[in-house]
Amino acid sequence: MSKSIAVFNQKGGVGKTTTVINLSACLAEQGKKILMIDIDPQGNTTSGIGVDKNALKFTVYDALIGNSAAENCIVETNQENLFLIPSSVALAGAEIELTSLNERELKLKECIDSIKDRFDFVFIDCPPSLGLLSINALSAVDSVLIPIQCEYYALEGVSQLMNTIKLVKKGLNPDLEVEGVVLSMFDGRTNLSIQVVEEVKKYFRGKVYTTMIPRNVRLAEAPSFGLSIIKYDEKSKGAEAYMELAEEFLYLSEGA
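Residues numbered from 1 in each chain as written. Predicted model: local features only at pLDDT ≥ 70, side-chain atom pairs only at ≥ 80, totals over all residues. Heavy atoms only, no water.

The buried fraction of strand β5 (residues 121-125) is high, at five of five residues. Neither face of β5 is left uncovered, since the one carrying F121, F123 and D125 and the one carrying V122 and I124 both have all their residues buried. As paired elements, strand β1 (residues 3-7) and β5 share five bridges and run parallel to each other. Considered in β5, the bridge of A6 is made with I124. Bridge count between strand β2 (residues 34-38) and β5: five bridges; the pairing is parallel. Residue M36 lies in a different strand from β5, and its bridge partner there is F123. (Buried < 20%, exposed > 50% of the residue type's maximum accessible area, 1.4 Å probe, protein only. Helix = DSSP H or I, 4+ residues; strand = E, 2+ residues; numbered from the N terminus. Pairing = 2+ DSSP bridges.)

Given below as structure tokens:
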């Protein structure tokens, strides 16, 4: 059975795109059929997996505003079992265009419902904001994966984020759950990282993945080559961490 997951945190720079690309790539490597949906107007998932934004016939924008069926927007990536509905700059204006449509919060849900059975997992890379695109993502999915960086102010804005999830659950998507929390940019040599881990575990009781994503230069370099970390440097600490996270994710989500 297919499962759809929004990777969401309204703070920027917490590792949303890095997690979408690399968790998806590691799951695809394990034989799962994965669809990534990039609904961030910046389009970092699209460029980060090596898809040329200028050569696209259709993007998620076309699916959202009804220009094209979602299935026509799916493109292959440079990895087997890994597919993408790309973003484009046009998405920046989509929030304004969506406001005039009926059931505007559910446009992405309509798109996903029409295609999700073809995939084991669908991951949505959300913009770093609480606007209509993020609300569409939260209304469309089964659960939310929250990346949090191991830095000062890590929990700033988290109560607002949880409040948004609660409101969407109440008004638009009663089955919405928190899938888990991924701690990123972890540096075991600093007291700060260790303190943040403890704080986050207290706040999200039982929802924090054991696998933490370390600060890793190779992880930061991979998107500029349009590759996931396992295609760029499978021996790196970043690749090892994401492979471990994929195994833990599968174990927990499939109840193995």
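Moving on to the pattern of salt bridges. Applying the stated criterion across every chain yields a total of 10 salt bridges. A salt bridge links E179 to K3; the shortest N-O distance between them is 2.9 Å. Placement of E179 in strand β7 (residues 177-184) and of K3 in strand β1 is noted, with a sequence separation of 176 residues between them. Its salt-bridge partner being D142, residue K116 comes within 3.9 Å of it at the nearest N-O pair. Here the residue K116 occupies a position in the loop between α5 (107-115) and β5, and D142 occupies one in the loop between α6 (132-140) and β6 (143-149), the gap between them amounting to 26 residues. A relative accessible area of 16% places K116 in the buried class. Residue classification places D142 among the partly exposed residues on the basis of a relative accessible area of 29%. Sharing partners across several salt bridges, the network here consists of R218, E221 and D233. (Salt bridge = Lys/Arg side-chain N within 4 Å of Asp/Glu carboxyl O.)

Attention shifts here to the packing of aromatic side chains. A complete count under the given rule lists six aromatic pairs for this structure. Ring geometry for F123 against F249: centres 5.7 Å apart, planes inclined by 50 degrees, an arrangement best described as tilted. Within this pair, whereas F123 is found in strand β5, its partner F249 is found in helix α11 (residues 237-253), the two being separated by 126 residues in sequence. Given the relative accessible area of 1%, F123 is considered buried. Taking the relative accessible area as the measure of exposure, F249 reaches 1% and is therefore buried. Ring pairing ties together the aromatic residues F121, F123 and F249, which thus form one cluster. The lysine or arginine in question, K33, covers the ring of F119, its NZ or CZ lying 5.3 Å from the ring centre. (Phe/Tyr/Trp six-rings, centres within 6.5 Å; stacked < 30°, edge-to-face > 60°. Lys NZ or Arg CZ within 6 Å of the ring centre and 35° of its normal.)

Attention shifts here to α5. Because each turn of an α-helix spans 3.6 residues, side chains separated by three or four positions in sequence point in the same direction. Those residues of α5 that sit buried are K107, L108, C111, I112 and I115. One face of α5 carries all of its buried residues, which in axial projection span an arc of 130 degrees. (Arc of directions from axis to C-beta.)

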